[in-house]
Every structure is written in structure tokens, then in C-alpha cells.
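Take a look at the letters that make up each chain.
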Amino acid sequence: MADDDEPVQHCRLDTGVDIPNALEAAGIEYLDVDDTRTIVIYRSAILMITATEGDASAAQAFDVALWEPPVEDADRDPVDLLTTFIDDIVATVNGSRR
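Worth saying up front: this structure is predicted, and the values here are computed from it rather than measured. (Residues numbered from 1 in each chain as written. Predicted model: local features only at pLDDT ≥ 70, side-chain atom pairs only at ≥ 80, totals over all residues. Heavy atoms only, no water.)

Engineer: Before we go on, may I ask you to explain the environment of Gly-27 in this structure?
Structural biologist: Here Gly-27 shows up in the loop between helix H1 (19-26) and strand S2 (29-32). Overall, Gly-27 belongs to the exposed group, its relative accessible area being 64%. Sequence separation between Gly-27 and Ile-46 is 19 residues, and the spatial gap between their C-alpha atoms is 15 Å. (Helix = DSSP H or I, 4+ residues; strand = E, 2+ residues; numbered from the N terminus. Buried < 20%, exposed > 50% of the residue type's maximum accessible area, 1.4 Å probe, protein only.)

Now the structure itself:
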């Protein structure tokens with residue numbers, strides 16, 4: 001679970017998405033933690049994805065928390081980074097946000 005200080009964004013999709021498959025298709029490195037959580041390295045930032053509806057293999061909603069800012073761009077706006085990440089995932093699966 002994310003600390004209160006960690007930036008978090010919520011994403012709800014029209015259809016379920018297999019998060020590990022979407023990450024692989026987007027060429028994003030990740031590590032499965034359990035059925036609902038996945039650690040991601042995205043543009044040198046470390047993110048935690050937590051499926052909030054369904055599990056990681058069929059999530060209709062998920063949260064993305066910034067654990068560590070990008071090494072190369074530590075001053076980047078965390079909200080912008082999380083939004084860009086979610087947009088990349090949604091585009092990879094040809095989905096749409098609700």
C-alpha cells in the first residue's frame with residue numbers, strides 16, 4: 001500500500017487488462033509481487049501497480065504509485081509521470097479509461 005506521501009493515480013478501464021502482458025508489449029520492465037501487485041521500472045522511476053478490481057491478469061481498475069522518482073529526471077512532476085505511464089499502458093492495450 002502506498003504511503004500518504006507517495007503520488008498515486010487511479011485508472012479504471014472499460015475492459016479488463018492483463019497488466020504483465022501490457023507491460024511486456026510496451027517494453028517496460030516489471031516484477032510480479034503477487035496476484036494484485038507489480039513493481040515497474042518506467043523511465044528510470046520505480047512504480048507500484050496495484051489492481052483494485054480484479055487481479056493483475058484481468059484488472060479493470062488499478063492504482064499506480066510512485067515509489068522512487070526517475071534517476072535522470074528527479075525534478076519531473078510525479079503526476080505527469082504517472083499520467084504518461086497510464087496513457088502508455090492504455091494505448092498499448094487499445095483500451096480506454098472510464
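More follows now that the structure is in view.
Engineer: Is there a simple way to think about the sheet that holds strand S5 (residues 59-68) in this case?
Structural biologist: Pairing between sheet strands relies on hydrogen bonds along the backbone, with the strands arranged either parallel or antiparallel. The five strands are arranged S1-S5-S4-S3-S2 in an open sheet whose pairing can be described as antiparallel. A single partner strand is all that each edge strand has here, and the edge strands are strand S1 (8-17) and S2. Looking at each pair of strands side by side, their axes are set apart by 25° on average, direction ignored. Both strand S4 (residues 45-53) and S5 contribute to a ladder of seven bridges, which runs antiparallel. Its bridge partner lying in S5, Ile-49 is registered against Val-64. (Pairing = 2+ DSSP bridges. Axes fitted to C-alpha atoms, helices over the stretch in contact; angles between N-to-C directions.)

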